[in-house]
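Observations on the three-dimensional arrangement
Okay, here's what each chain looks like letter by letter:
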Amino acid sequence: MIDDCRGSMDDNSIHVSLLTPKAEGKAGDLKARICEESKKIWRVATPSVIARVSSFGTLVVTQSFVGHISAVDLAGYALVQTLSVRFVNGILIGMSSATETLCGQAFGAKQYEMMGIHLQRSWFIDLITLTVLLPVFLFGASIFNLLGQEQAIVESAGHISLWFIPFVYALVFSLTIQMYLQAQQKNMIIAWLSALQFAIHIVCSWLFVYVADFGVAGAMTALCISSWFVVLGEFVYVFGGWCPETWRGFSVAAVKDLWPLVKLSLSSGVMICLELWYYAILVLLAGYMKDAQVAINAFSISLNVVSWMVMIIVGLMGAACVRVANELGRGDAGAVRFSIKVVTSSSASIGLFFWIICFLCSANIGYVFTDDEAVIHTISQLSTLLAFTALLASIYPVLSGVAVGSGLQTKVAVINLVCFYAIGLPIGVVLGYVLHLQVEGIWLGLTLGVLTETCAMSLLVWRTDWDEEVLKTSARLKRWSLK
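Bear in mind the structure is a predicted one, so any value in this text is a computation, not a measurement.

Quick word on the environment of R330
Residue placement: R330 occurs in helix 11 (residues 292-330). Considering only alpha carbons, one finds R330 and S474, 144 residues apart in sequence, at a separation of 8.8 Å. Beyond its immediate stretch of four places on either side in the chain, R330 contacts G108 and R323.

Here's what the structure looks like:
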């Protein structure tokens, strides 16, 4: 082609005619590849987004109902949901992400029978783990009292923490089954169940809180009912024959050779926990401000608003995990690289949209959750930082999904430790307490931690040798395949 071009340099029309079809062909081919990859990503991400937004939405709706009952109960709920539930939920999500890694890679390698085995192993490990962690809820009041929180808030939090026990047991099954179905692109059923869950939760909350006048107990009962509704629906789908290739009944193989899965689960758990606990600790710090009740309420509401928005990004995180795991299982490193570029670009675009929404709605967000003007004013002051946090948080979760899909959880755990705990948390403490910026200072530290996390995760993914990861995946699949 170079010789043809040189021979026609004097004739621009011929020169253009030689180059244009090639260029258009390449552009058209790239466009087709991007569209095809986007379809694969959103085929997984759309049901996952619906499921995660609806599931997290039940917590936000419960917070809204509790907030209109009592300011003290709102602060108690915020402490339990942001500290205790995030603490336990972080461990469960992290350990369950090992299921996401193994099921995704097994599906890509067409080792379908192993997916049901991995699911059963995750139930066994997660149920034992959660039972060990139950004292976090059983002795909630004593824990918050030791942490020096206000007595009225401690009493409310101790009562509410007991109501969360049925909720967290439901998480063991809902999280793992969602990851199992997502790996084989059958998670549309999760989207339908989650959407129904959200509708049922709103109706039950209204009936129990306003009609029956059960107060906080009514709001928490509605949460338990709606969360177990999803689990029962998932059991019917999996056990009822809709997954014939990957679910072949319970097997004794699920309780054999558990140690490799335990190690991967632990590294996954540490990775997710370091991230979720970071936000929980910041809420705890808000409890030591001058007006603790206002500070906790404002910080937790702002955090829940960002988290609800980020649930869409977390849906893309699941899609990134599945796509990377599937392609590594198939042995295609080039497809892995291309998928990462497409999913990251999509996520960044959504983050930019959230950034705009946060600015437009900054003055009215607080009224959804409370009637306390002091809390609403504090939330309004956080709106600019909230917007930038939402923008930055649209990138690193997707890169975490890439890491989970490839089994790089240990490296991400180290990054989380450095960025959140060695950078973000100390800066938040200094700005909030030493420089007296109060809640804004703590949130600014949060934002800086998220910024460094985003940069570090981008560097990790960019420097990863995906051809080498294909070889590691192949060895892992051979290690755990049924003989």
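Quick look at the confidence of the model for the protein chain
If pLDDT is low for a region, its predicted coordinates should not be looked at in detail. Here the protein chain averages 82 in pLDDT, while 90% of its residues score no lower than 70. Within the model, the stretch residues 1-24 combines pLDDT values under 50 with eleven contacts to residues more than four positions away or in other chains.

A look at the environment of Y288
By secondary structure assignment, the location of Y288 is in the loop between helix 10 (259-286) and helix 11. The exposure class assigned to Y288 is partly exposed, which follows from its relative accessible area of 37%. Placed 141 residues apart in sequence, Y288 and L147 show a C-alpha to C-alpha distance of 9.7 Å. Beyond its immediate chain neighbours, meaning those up to four positions away, Y288 contacts L147, G148, Q149 and Y433.

Considering the pattern of salt bridges
With the rule as written, the count across this model stands at six salt bridges. Across the pair R323 and E37 runs a salt bridge whose closest N-O atoms are separated by 2.9 Å. In this pair, R323 is assigned in helix 11 and E37 in helix 2 (residues 12-67), connecting sequence segments 286 residues apart. By the burial criterion, R323 is buried, and E37 matches it. Across the salt bridge formed by E327 and R330, the nearest N and O atoms sit 3.3 Å from each other. Here the residue E327 and the residue R330 both occupy positions in helix 11, the gap between them amounting to three residues, near one helical turn. E327 gets classed as buried once you look at its relative accessible area, which sits at 6%. One network of salt bridges, in which partners are shared, links E37, R323, E327 and R330.

Cut-offs used in this document
- Residues numbered from 1 in each chain as written.
- Predicted model: local features only at pLDDT ≥ 70, side-chain atom pairs only at ≥ 80, totals over all residues.
- Heavy atoms only, no water.
- Helix = DSSP H or I, 4+ residues; strand = E, 2+ residues; numbered from the N terminus.
- Contact = heavy atoms within 4.5 Å.
- pLDDT = per-residue confidence, 0-100.
- Buried < 20%, exposed > 50% of the residue type's maximum accessible area, 1.4 Å probe, protein only.
- Salt bridge = Lys/Arg side-chain N within 4 Å of Asp/Glu carboxyl O.

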